[in-house]
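The lines below spell out each chain.
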Amino acid sequence: MRRRSKYLLGGAAALCLLAVPVCRWQNDGLMLTRYTVELSGLPEELDGMTLVQVSDLHSKPMGEGQELLLNTISQAKPYVILLTGDLVDGRRPELVPALELARGAAALAPTYYVTGNHETSLPWETREQIENGLEAAGVVLLDNRTEELSLPGGGTMVLTGLCDDNLGDGTLERLSASWPEDAVTVLLAHEPQYIENYAASGVDLAFCGHAHGGQIRLPLVGGLFAPGQGFLPKYTAGIYQLGETQMVVSRGIGGSLFPQRVWNRPEVVAVTLKRG
Ligand SMILES: [Fe+2]
């Protein structure tokens with residue numbers, strides 16, 4: 001009996017020891033997720049170009065992982081880098097990790113940012129500090145703005161960003177009125193559950209985050225919970241389509257209220273465009 005208890009205790013101790021690196025790997029084992037998206041009317045110059053998305057850092061101190069994060073972005077050979085909100089966590093608003101990522105990204109490729117719900121929850125002076133820091137790092141703020149990328153051989157790609165305060169109101173419709181008719185339109189918006197609004201405005205390709213992959217991912221089920229969508233959320237990771245609009249949802253890098261990811265490793269997303 002005593003020997004059996006000894007074995008049980010030994011087994012439990014071994015499981016605990018194993019659980020620590022497994023949990024760390026689930027939270028910190030960064031991966032590069034690649035998608036190819038076909039877009040009709042894509043200018044020839046953009047065929048094969050890659051857009052890289054980094055989302056939901058949530059002030060995560062990357063430490064030695066910072067080099068891996070930047071190498072992962074660089075490995076995807078980004079044409080542009082899209083930061084889709086919640087770089088800074090609303091509960092512990094540490095700016096340093098966000099600014100380190102911003103500086104590193106902007107040194108690799110033109111980098112664009114929209115605010116997430118965590119940043120909009122912060123006092124105005126903190127939001128101003130974030131925005132000033134990002135601009136000083138060389139990042140273009142895209143809240144409720146449009147930038148047109150004119151391509152050397154003709155054709156236009158439109159990058160539009162929505163501030164998290166304006167995802168469901170008429171801001172996108174207003175912005176879309178100025179898009180050139182034949183341009184490919186790319187939207188940065190933090191939350192994916194407004195896909196109907198994105199599709200109604202004629203967005204070709206939207207980039208979102210916010211769902212953190214549903215936090216815990218189970219085979220055949222997918223993510224279990226996402227803010228704004230509740231339990232068994234619809235939009236947590238991957239590519240979704242509504243009408244002519246395709247929407248990429250990143251599982252993001254960090255976490256917020258719930259500290260552990262399960263079968264839901266952090267990711268950098270790379271989307272390669274193809275003429276459809
Ligand atoms: Fe969020």
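Just so it is clear, the structure is predicted and the values come from calculations on it, not from any experiment.

Novice: What is the right way to look at the layout of surface pockets in this model?
Specialist: Rolled over the atoms, a probe with the dimensions of a water molecule shows which regions are left empty. When its volume is computed, the largest pocket comes out at roughly 300 Å³. Contributing to the lining of the largest pocket are 16 residues, with Gln215, Phe225, Pro227, Leu257 and Phe258 lying nearest its centre. Partitioned by chemical class, the residues of the lining of the largest pocket number six nonpolar, seven polar and three charged.

Novice: How do you make sense of the side chain of Arg251 when you look at a structure like this?
Specialist: Along the chain, Arg251 falls in the loop between strand E15 (245–249) and strand E16 (267–275). At 3.2 Å, the side chain of Arg251 forms a polar contact with the side chain of Asn264. Residues contacting Arg251, with those up to four places away along its chain left out, are Met31, Thr33, His212, Gly213, Arg217, Thr236, Ala237, Arg261, Asn264, Arg265 and Glu267.

Novice: Help me understand the coordination of the iron ion, please; the structure alone is not making it clear to me.
Specialist: Any two of four tetrahedral donors ideally make an angle of 109.5 degrees at the metal, while pairs among six octahedral donors ideally make 90 or 180 degrees. Here the iron ion is held by the protein donor atoms Asp86 (OD), Asn117 (OD1), His190 (NE2) and His210 (ND1), which lie 2.1 to 2.2 Å from it. If you look at the iron ion, its four donor atoms make angles of 88 to 179 degrees with each other, and the shape they trace is irregular. The sequence motif formed by the donor residues of the iron ion is D-x30-N-x72-H-x19-H. Of this pair, Asp86 sits in the loop between strand E3 (80–83) and helix H3 (96–108) while His210 sits in the loop between strand E9 (205–208) and strand E10 (217–218), placing them 124 residues apart in sequence.

Novice: How do you make sense of a nonpolar patch on the surface when you look at a structure like this?
Specialist: Taken together, the side chains of Leu218, Leu220, Val221, Phe225, Phe231 and Leu232 present a nonpolar region at the surface, about 730 Å² in accessible area. Assessed through its relative accessible area of 37%, Leu218 is described here as partly exposed.

Novice: How do you make sense of the nonpolar core when you look at a structure like this?
Specialist: Across soluble globular proteins, you tend to see nonpolar side chains buried next to one another. Among the nonpolar cores identified, the biggest contains 30 residues, and Ile73, Leu87, Leu101 and Leu134 are the most heavily contacted of them. Listing elements by their share of this core, those giving two or more residues are strand E2 (50–54), helix H2 (65–75), E3, H3, helix H5 (124–136) and E16. The element best represented in this core is H3, accounting for five residues. Apart from the residues within four sequence positions on either side, Ile73 is in contact with Val52, Val54, Pro78, Ile81, Leu101, Leu108 and Val268. Counting 24 residues, the second-largest nonpolar core is a separate cluster that includes Leu51, Tyr112, Leu142 and Val269.

Novice: Looking at this structure, I do not really get the sheet that holds E3. What am I missing?
Specialist: Two orientations exist for strands paired in a sheet by backbone hydrogen bonds: parallel and antiparallel. Strand order in the open sheet formed by six strands is E1-E16-E2-E3-E4-E5, and the pairing between neighbours is mixed. The open sheet is flanked by strand E1 (31–39) and strand E5 (140–141), the only strands paired with a single partner. For E2 and E16, the ladder comprises four bridges, and the chain directions are antiparallel. Note that in E16 the partner of Leu51 across the bridge is Val271. Contacts between H3 and the sheet are confined to E2, E3 and strand E4 (111–113), with E3 contributing the most and set at about 155 degrees to the helix.

Novice: Mind showing me how you'd approach the sheet that holds strand E7 (residues 156–161) here?
Specialist: The mixed open sheet is built from six strands, whose spatial order is E6-E7-E8-E9-E15-E14. The sheet is open, and its two borders are formed by strand E6 (145–150) and strand E14 (238–242), each paired with just one other strand. Going across the sheet, the axis of each strand differs from the next one's by a mean of 20 degrees, ignoring polarity. Sheet analysis places E6 next to E7, joined by six bridges and oriented antiparallel.

Novice: What is the right way to look at unusual backbone geometry in this model?
Specialist: Phi is mostly negative for residues that are not glycine, and the peptide bonds are mostly trans. The phi angle at Asp56 is positive, at roughly 50 degrees, despite the residue not being glycine. What makes Asp56 buried here is its relative accessible area of 0%. The backbone phi angle of Lys77 is positive, close to 50 degrees, even though this residue is not glycine. Turning to its location among the elements, Lys77 is positioned in the loop between H2 and E3. By relative accessible area, which is 67% here, Lys77 ends up exposed.

Novice: Would you mind going over the packing of H2 against H3 with me for this structure?
Specialist: Between two packed helices, both the angle of their axes relative to each other and the distance between the axes serve to describe the pair. Contact geometry of H2 with H3 gives a least axis separation of 10 Å together with a crossing angle of 30 degrees. In terms of orientation, H2 lies roughly parallel with respect to H3. Where H2 crosses over H3, the handedness of that crossing is right-handed. Residues Gln66, Leu69, Leu70, Ile73 and Ser74 of H2 touch H3, and the partners they reach there are Glu100, Leu101, Gly104, Ala105 and Leu108. Tallied by class, residues from the contact of H2 with H3 come to six nonpolar, three polar and one charged.

Calculation notes
- Residues numbered from 1 in each chain as written.
- Predicted model: local features only at pLDDT ≥ 70, side-chain atom pairs only at ≥ 80, totals over all residues.
- Heavy atoms only, no water.
- 1 Å grid on protein atoms, 1.4 Å probe; cavity = no way out; pocket = protein on both sides within 12 Å on 5 of 7 lines; lining within 4 Å.
- Points joined across faces, edges and corners; volume = space filled by probe spheres on them.
- Nonpolar A, V, L, I, M, F, W, Y, C, P; charged D, E, K, R; others polar.
- Helix = DSSP H or I, 4+ residues; strand = E, 2+ residues; numbered from the N terminus.
- Polar contact = N/O pair within 3.5 Å; in protein donor to acceptor, adjacent residues only side chain to side chain.
- Contact = heavy atoms within 4.5 Å.
- Donors = N, O, S within 2.8 Å, 3.2 Å for Na, K, Ca; no water.
- Tetrahedral: all angles 85-135°; square planar, octahedral: opposite > 155°, others 65-115°.
- Patch = residues over 30% accessible without salt bridge, like charges linked within 9 Å, V, L, I, M, F, W, Y side chains within 5 Å.
- Areas by Shrake-Rupley, 256 points an atom, 1.4 Å probe, with all protein chains shown as cover.
- Salt bridge = Lys/Arg side-chain N within 4 Å of Asp/Glu carboxyl O.
- Buried < 20%, exposed > 50% of the residue type's maximum accessible area, 1.4 Å probe, protein only.
- Core = buried A, V, L, I, M, F, W, Y, C linked by side-chain atoms within 4.5 Å.
- Pairing = 2+ DSSP bridges.
- Axes fitted to C-alpha atoms, helices over the stretch in contact; angles between N-to-C directions.
- Parallel < 35°, antiparallel > 145°, perpendicular 65-115°, else oblique.
- Left-handed = near helix turned anticlockwise from the far one by under 90°.

That is the geometry; function is a separate question.
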